[in-house]
Every structure is written in C-alpha cells, then in structure tokens.
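Single-letter residue listing:
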Amino acid sequence: MEKYHVLNKYIFSLLGINDFRDLQQKLQEQLKDVSVGAGNIIRLLDNLRKDKLSEADLLRYNSNIQSYVEAINKYRRELISLKYFQYLAVLFTDIVLDNLKNKKKEFLAELNEFLKSYKQKQDIEIIDEFTEKDLNKLAFWMATGSGKTLIMHINYYQFLRYKIFSPESILLITPNEGLSKQHFEELRKSGIPCQLYSGSFSCDFRNDNQLLVIEITKFVEEKKGDGLTLSVSSFEGRKLIFVDEGHKGKREEQKWAAIRNKLAENGFVFEYSATFGQILSERNQQTLREYAKSILFDYSYKYFYLDGYGKDFSVLNVGQPKISDQEFQEIMFVANLLSFYEQLLVYEQNNNLAKEHNIERPLWIFVGTTVTGKEGNSDVIQILELINKAIKYEDWLKKCVNDILQGNTKLKNEEGLDVFSDKFTYFKSRRVNIDDLYRNVFYGRGSLCIYELKNSEGELGLKISEKEYFGVINIGDVSGFKKQLEKDGISIEQDAISTSLFEDIKREGSKINLLIGAKKFIEGWDSWRVSSMGLLNIGTGHGPQIIQLFGRGIRLKGKGMSLKRSKRNEIHPLETLNIYSIKADYLSKFLEAIRREDVEFETIQIPIEPLHENRWRTLYILSKDKNKKFEEEKVLKFDIDDKIRFSIDPLPKASVYLSSERKEGKITKEKIKENVQSSKFPADKMDILDWDRIWQEVCEIKVAKGYWNLVLDRNGLKRLLLSNRFKVIGLPDIFDIKRKEDLLRVEEIALLVIKKYLDLFYENHAKRFETENLYYTTIGTQSPLSAFEKEYGYTIQIDKTKRKNDLITGIKKLAKDLIELFNDDDKLLPRIYFDRLLYVPILLQNKNIDKISPVGLVDSEYKFVKGLREYWNNNQDKYMGVEIYLLRNYPFSGVGFQLQWAKFYPDFIMWVKENNKQTIVFIDPKGLIHSKGLHDEKIQFSKEIKDIEKGLKNSNIQLESFILSVTSYDELVKGRNNPPTQKEYENNHLLFLDDNSWCEKLFTCLKNGVNITV
C-alpha cells in the first residue's frame, strides 16, 4: 500500500529522498545511527534536499520546531526531546501548512505535476488530481509507542502558528472513554487548554483555542431526547478536528466515518492511527484514494521495529495441529507459563541491568478483542481451569514441561521441527525447579481461590489459599461471569477490603503477575510491563484492534527513555514479547493481521572472524579523555571571532512578507532572485528591535542546545549584528520597515544571524578543547569488534511476508559454512573478503535484506575496498617491509576519530606500518554531489589533522585524512563557475574513484609525506 501514499512521496521528493526506507539507509550511511538528534537530521537533509527547499527553509522550520517543543515542555518535569522520526513528522507538517498558508495554488499545481509523473512510474491509475478540499486533512500512520500523541500536541501548536483559518471549535475525537481521559491528562501536560466532555461543556471552550475531548460514540446525526449524546449540528462554523484511532474494524465504522466527515466540512482534520494497514486495500478504492492524498507521514511498525524501537516479538506459527484441541490447549498454556517463568528468572538475575534500561517486572496477560466471545466466557474459564490444573497436578505440569523442553510436543513448524526446538534456551542448560516456579508465579502451593473485589467494580482477584494475590481478571459483566462460573462448579468468594488490583499493576513493586482482560488494554491502558501474552477471542474483522493490542504489548521504555532495545543478550528475553494462544485459530488470525503490517522478520546471525589479533596492540588510534567535558571544564565568554564568516539567506520567508503587497501569482521566485543582493544589518534598526524577545529566544536556544558554559551578554549580540562577520542575502528592501510584519521579519533575520554565529562559535571552541585533550592508545584497548553483538557477528533481518523463503534458507545454510562465508559473493549475501581487514567478511547493503546490523557497505565503500585489495595484491613488491591493516569503522560504537564537533566520522581507518613507524589514515568514500568545493569542512579536515599530529608530538606516528569521491570530477564541477582543477582537489586529499590511478596517488602521498604530484 505504501506506493499509494502520494502526499508522503511528494514531501520526500523535496528532500531528495525516495521513501522512508531510503531515508533509513541514508541515515545509516551518512550519520551511522538513526537515533541522532535534530541537528544531524537537518545537516543530512540540507545535503540531500532539492532546489525546491532551501537551507533557509530548513533553518526556519527548525526554529519553529524548537518553539513547539518548548511549548509542550513548558509545564513538564521530564522534558521531551524529539526522536528523529518525530522530528520528521513535525517537519513534514510545517512544510505543508506553510505552503497551504502562503502559496496554496502553487503548491497544488506542483503536487499535481508530481502526481502525474509518479502515476506513470508506479503504474497506478486510481488516484485522481488533488483539489483544495483534499488538502484539508493530514493523516499520520505511526506505530503504537512511537509518540503520535506528542505529534498531535505539536500539530495543535503548528496549526495555530500558521492560522490557516480561525476555528470556531477544536475537537479531539477518540474511540472510547478511557482514551478520552488519557488524552485529557496528556494535553494538560503539554499546556494545551482543554475540556473533557462528560454530558455538558462550557461555551468558553470555543474561546482561547480550547480543545474539547469527546468520544465518537457521543455523537449522533440528530439528537432525540435526553442523554449524553450530542448532535453534529451542536458545533457550527469551521472546525479543527483531531481524530485518534478512528478505525475499529466494526460495522459502526461507516456510521462513525459519516459523522466525522460531517463535522469536518469546511474545516481541517489531523488523523492518527497505528492501524491504517488493516483498512487500506486495492479492493476498497474509495478509502484508498482518500488516504493516498492525506497520509503525510508513515512510520508504521515495520519502520519502528527496524530502527530498533520497541520489543522484539515471537509468535508461534503452528499451522493445523495434528493433536486434539485439549492437548493443544494444555501444551500452549504450559509453554506460555514456562515463557513467563523464564522472564521472571532473567529479571531477578539481571535486576540492575534491567533497571538501567527501564525494564519493569514482567507481566503475563490473557487478552482479546472481547473477553466473552460467542460461547459465553468459555475462553476465560478454560484459562482458569488450566491454571487450577497446573497448581493442583504437579506431575502433569512436570510432564508437559519436559515434553516442551525435549521437543516431544507433536507440534511442528514449517520445517518439520518441534515448534519449541529453538525456544527456552535459558532452561536447556538448567533443570526447571517446579517448586521455584510455583513460588515465583503463584506465590506458593495450595488451592486456587477467586475473589470478587467489592471496592473495585469489574475485578476478580486470583490467589492460592491465603497467599497474596498473583492475578486479576478485569471484566465488564461480573454478574454474568459469576453465573457462568457457578454453572461450571467454580465458587467465588468476597473481598470487601482490598483496593483495585488492576490499578496496582502500574505501581512500582506490584506483585501482580497475571492479568486477564480485554478492552482496557487495547483501548488505552498505559502499562510497560507486558512481556508474555495469551490470546483470547480473536475474531474475524478485528485487524485494527489486533494491531493496537500488539502495539501496546511491544512498547519499551529503553535506556534513557530511548524506546530502543538494548542489544544486551542478558536481558533479551525481557525485551521480547512472547505470544501464545490456547486455540490455533486465534494465532492464525493474529498472524494474518500482523502480516498486513509487513512486520514478520526472519533474524539470522552471520559470524565474523577476527584477523591479525597479534598486531592489535601495535596499532595506534586517537582517543579522547572521556572524563573531561568541554561544558564542565571551560567557561566560554561570548566574543566576536575574526575567523568566523558566513551568509544568511532568509529569502523564502522574506518573500512571503514582501510580496504580500503585490498581486498574488504575479511575482515568482525567479524574478525575486534576479534582484537579490548581500547586505549588512542596518545600524539604524537596532534600537527598534524587541530585544527582550530576542534575548529570551537566544537564552532558550542556549539551554536547548546544551551550551551551559557559554556566557552571553546583550551588548555582545548587538556588536555581532553590527560586525562584518556575516552577510544577509535578500531583496533591496529586505530591511525596510513599514508595518508590524516588517519589524517581525527583521527580528527573525537578527535571530537567524545570532543562532548561526552561536553554533559556529561554540563548535569551534568545543573542537579546539577536544583536540587539546587527545592522546594515542592502541586498538587493542578499544576492540575493533565492539560494534557487533556479544557473539561478534552481523544480525540480518529479512521480511518473511515477501516470499523470500529460498533467500532465507540459503543464508541460514551459508552462516554455518565458514569456508564459503569468507569468500566474495554478489548474489545470495553480498560481501567482500580482504586479508588485510581486521575482521572478515564485510557485508554489503542489499535491497533483498531489510536490515543489516551493523550496516553493510554502500557502493562507494565497496569500490574503495575492492580497489585497495586489487592494488595491494598487485603491488606488494613495491612495499617490501610495509604492512597495511584496514578497519571498517562504526562511529558511536567502533573505534577511531570521534570528535563530537568535528562532524566527520570516516568509514575506514587504514594503518600503514613500517618498523616502528606508522601512518594512521582516515578514509571516507562518499558521493560529493552536494559538496561546497574545496572549502567543505570534510576536505579541509586533511589540514586540521596535521595540526592535531603536531600537537601530539610523536615522531613515529603520522596522521592523514582522505576523501574518496564516487562522484566523478566532471560531474562534481558541472555548472560551476571557475571550479578547482582536479589537481587542486587531489592536493587537498580528495581523490576520484573513477580515476584508475587513485590508489597509486594515495600511497605515493603517504610515502612522500607531501602533496600529490603524480
């Protein structure tokens, strides 16, 4: 369905990106880590962007985004910082709203022009041209746990900033009361004025941009009689509407959709869902056309998972079992019990590590789209009967456990092996202690007792005899359930003292191990503890609810609230959601819904082999003193630095203001560009600026960027604006002030100048500090393999839903054949072998493999390694007594030159060693189509590194840096006036990979220790 997301693809095209997978690859190629901050994202996008989006646009949007984050953080104790995908969702929204406000007709024309060519490329015909009405809805397809609530809050502030229109009502429509309450609390945290509808609302919610939170079930086309419902006509005029999870997969949806559409007439809608994959289909062309034009951002679960966010998951695919229903139920229940017990033991044994990664005590749940199902409460009663059997009959439990661990269950997977053959590795080398299982899960032995909690409606507590409660059933119809239990001979006692066990689950130190429930979990229950899940009553047509259920189960806080898996084997079981069911039919329906999300991946470990380990302690590398931090060690006083020079181009924003007096459509960007000039900031405008506003915003920027040690003063900022350190590119009248809007424009220009200078000033001093604190150490103290998992190997993931069985089988076989694995291959698992590497093999990126971790080589990197191998193997006679070693370097986790402010993380480190002397060469193969010429900081780094070498004062070690361009010289200088010659580039250590002599030139330079003259 992704190919139909035309609006999303159009925005990506402005950024020079094909789709989200393409973006993920570029993040890994250029930034090496998808959890990077906004600053690096902006830098990457600036390198990739097309001409339709300028650097000034990106800086302006970035400034807006900072203000939105400040707004939602104003009243929070724990401050929010955006993940990269959240930042992009907000950026996409700013781009669209900016265009809708300031150049709607031009935007619509460009969008339709893109659609025309895109339809031809993708061979899709069902999408017709965009109209203005189509642009009144923006939809966000985001995985549960990815923070779409925060995006909603920021969207509120974005809409108010751009003032597309002044809404007479602002509504947040939710699917149920539980979610409404949750949203109400979250909105208040973000400082958004709001009311929760409870049968009435005060009229002042229409003023001061107040938001009314209300369930869709409270709306009717026409109100009849009394009650809590509201007629759609209660809200007149243009409305701003936010819709959360509007797709329930039920018959009521058509009626609800009609109500939502009527409310949204002539207004604007933001919609958020994790479940669009369950409703979008080529069979339903009307819905597909609607969302093709409105889905602005897609960060569905497949992207969320591949980025390392959320728990891993395991679902048993048992097909059609060839055993009785009762045997199946018993085996699956005990396996589920064993899985949960394993997680409890891992949690206890790794408690400190679990707490470090914000992992809470595991929770076992049985949950479904409903609790009762068509056959009364049979599923829940069967679970209770199985719990009772496990408690009462120890020998039966022992036999089931042994059958599961020994692979004698008669349940086979697609390969004909027992479904549990690769499960329970924790217990394979240990004996399961049944006494300990009873003690940890049920808190002892005895008889199962069920209590109705009189102080908590809808709850039944589970305990063994007089022990403490180990579980709770949360159910709506308690009386009906009690009758069913009594019919089956199960008695219920009364507890008039205990408070809610369901609420206790979220409390720190909660002893509740088991929850049996339904809707509250699917529809907004906020718990991070779920680790083992048994499915109940999964019916046909419940795809959206299944995905919500799954999404809440895989949520993970992660270390530092990163939301990411730790990659620590010790706690991997705690970061895995295990999914079971007592009925095979439920599993098949669950898997069917999951597969529609493209999230079923085969994970394969590819081993690597270290080489030359006896030389690791002789190879030197740069390192920095981690105990010395610039922001803690140095006080940096603001000053005017004579070495800093830059330009600011605020034209896109300025053109909006300046052309407002002219007739719309009569002035084009090209005409504006013809008249641009560079200017200084006019001294006569300094005193009329709102310096209180400027000062406050600059101070907020200082805090947001962590410039804690920077001492500012207002007079210094004024001196900066009057200095010759910068130029402003704009129209001749860019500094003219005739009305309030003009003054705001000039203040924005002042802020752009100040922000840009502060970044350059702070980074220069931080880099200088880190350079002064560098020292040499050997790579033996910083393992070259630290980027890999504990077993030292690549982890690859392949989408099992795309008919790649032959590929998966072939790679699994290859992973066991080390002789074949250490040979080159460009088909099954593309890789390269070079005996001068510090480990082999090196994998290459491959479109058939969804993820390689650590990331594989891109084309430019592969060409470098292959070219170096060929040159070295053919020219060793020239370098008698010389050794070379090559390391594929992974910044943030590998070793190497990792200065925080250098912004340069070379992909390779090469050592050229002769006797007691060695040269450390930092090499970065890359495309340079967006290079700024010889002044590019990465090119200039070849000179900076020589200054570092001098400062370290070790005559036996030389430092060099090279850029190897996959972009040809002719392509690089195409269209440029008076470009540098190829020789000038080479003399600045930039070589071209299409030059057959590039490797000869590199080694000649290293041998001579001078500029290239070959």
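Residues numbered from 1 in each chain as written. Predicted model: local features only at pLDDT ≥ 70, side-chain atom pairs only at ≥ 80, totals over all residues. Heavy atoms only, no water.

Re the overall build of the chain
Basically, it comes down to this: Secondary structure elements are taken from DSSP: a helix is a run of H or I of four residues or more, a strand is a run of E of two residues or more, and numbering for both begins at the N terminus. Note on contacts: a residue pair is in contact if any heavy atoms of the two residues lie within 4.5 Å. Only the protein chains shown count as cover for residues, and all accessible areas are computed by the Shrake-Rupley method using a 1.4 Å probe.
Scanning the chain for helices and strands turns up 35 helices and 37 strands. A fraction of 75% describes how many contacts in the chain between residues 6 or more apart in sequence connect residues 24 or more apart. Counting every atom, the chain has about 45000 Å² of accessible surface; 45% of that belongs to carbon and sulfur.

Focus: the side chain of Ser314
Where we set the bar: Burial classes: relative accessible area under 20% of the type maximum marks a residue as buried, over 50% as exposed, and values in between as partly exposed (1.4 Å probe, protein chains only).
Position of Ser314 among the secondary structure elements: in strand S10 (residues 312–315). Residue classification places Ser314 among the buried residues on the basis of a relative accessible area of 15%. Excluding its chain neighbours within four sequence positions, the residues that come into contact with Ser314 are Lys423, Thr576, Leu577, Asn578 and Ile579.

Some thoughts on the sheet that holds strand S32 (residues 851–853)
Applicable threshold: We call two strands paired when DSSP finds no fewer than two bridges between them. Fitted lines through C-alpha atoms serve as axes, helices being fitted only where they are in contact, and the angles separating the N-to-C directions of these axes extend from 0 to 180 degrees.
Read across the sheet, three strands follow the order S19-S28-S32 without closing on themselves; strand pairing throughout is antiparallel. At either end of the open sheet lies a strand with only one pairing partner, and these are strand S19 (601–607) and S32. Taken over all neighbouring pairs, the strand axes of this sheet differ in orientation by 20° on average, direction set aside. Here strand S28 (residues 793–799) runs beside S32; their pairing, made up of three bridges, is antiparallel. Each bridged residue has a counterpart across the sheet, and for Ile796 the counterpart in S32 is Ile852.

Some details on the pattern of salt bridges
Quick reminder of the rule: Here, a salt bridge means any Lys or Arg side-chain nitrogen found within 4 Å of an Asp or Glu carboxyl oxygen.
On inspection of all chains with the given rule, the structure shows 49 salt bridges. Salt bridges sharing common partners tie together Arg693, Glu697, Glu747, Glu748 and Lys755.

Regarding the sheet that holds strand S23 (residues 646–648)
The strand order across the open sheet built from three strands is S23-S26-S24, with neighbouring strands paired in mixed fashion. Looking at which strands have only one partner, the edges of the open sheet turn out to be S23 and strand S24 (677–679). Recorded for the sheet is a direction-independent mean angle of 35° between the axes of neighbouring strands. Here S24 pairs with strand S26 (residues 726–730) via three bridges, running antiparallel. Within the sheet, the bridge partner assigned to Gln677 lies in S26 and is Gly730. Strands in contact with helix H28 (residues 740–772) are S23 and S26; relative to S23, the strand with the most contacts, it is inclined by about 150°.

Thoughts on unusual backbone geometry
Cis geometry is adopted by the peptide bond preceding Pro841, which originates at Val840 and carries an omega value of -5°. Its place among the elements puts Pro841 in the loop between strand S30 (839–840) and strand S31 (842–843). Across the junction of Ser853 and Pro854, the peptide omega takes the value -5°, indicating a cis bond. One can find Pro854 in the loop between S32 and helix H31 (859–874). Positive phi is not limited to glycine here, since Phe424 has a value of about 55°. Relative to the assigned elements, Phe424 resides in the loop between helix H15 (394–406) and helix H16 (425–428). Residue classification places Phe424 among the buried positions, given a relative accessible area of 5%.

Here we look at the packing of aromatic side chains
Note the cut-off: Paired rings are identified among Phe, Tyr and Trp, the last through its six-membered ring, by centres lying within 6.5 Å, and are further divided according to the angle between planes into stacked (under 30 degrees), edge-to-face (over 60) and tilted (the rest). Each ring is checked for a lysine NZ or an arginine CZ that lies within 6 Å of its centre and within 35 degrees of its normal; such an atom marks a charge sitting over the ring.
Per the counting criterion, the structure on display carries 55 aromatic pairs. Between Phe646 and Phe726, the ring centres sit 5.9 Å apart and the planes meet at 25°, which makes this aromatic pair stacked. Here the residue Phe646 occupies a position in strand S23, and Phe726 occupies one in strand S26, the gap between them amounting to 80 residues. Looking at Phe646, the relative accessible area reads 9%, which means it is buried. Note on Phe726: relative accessible area 2%, which makes it buried. The residue whose ring lies beneath Arg565 is Tyr305, and the NZ or CZ to ring-centre distance is 4.5 Å.

Regarding the environment of Asp422
Structurally, the position occupied by Asp422 is in the loop between H15 and H16. Separated by 17 residues in the primary sequence, Asp422 and Leu405 have C-alpha atoms spaced 9.5 Å apart.

Considering the confidence of the model for the chain
Applicable threshold: Residue-level confidence of the predictor is what pLDDT reports, using numbers from 0 through 100.
Scored by pLDDT, the chain comes out at a mean of 83, with 85% of its residues at no less than 70. Contacts from residues 31–37, a stretch scored under 50 in pLDDT, to residues over four places away or in other chains number 25 contacts. Residue range residues 371–377 is modelled with pLDDT below 50. Its contacts to residues more than four positions away, or to other chains, number 14 contacts.

Regarding the pairing of strand S1 (residues 137–142)
With six of six residues buried, S1 is to be regarded as a mostly interior element. Side-chain alternation along S1 places Lys137, Ala139 and Trp141 on one buried face and Leu138, Phe140 and Met142 on a second face that is also buried. By the bridge criterion, five bridges tie S1 to strand S8 (residues 268–273) in an arrangement that is parallel. The partner of Lys137 across the bridge, within S8, is Val269.

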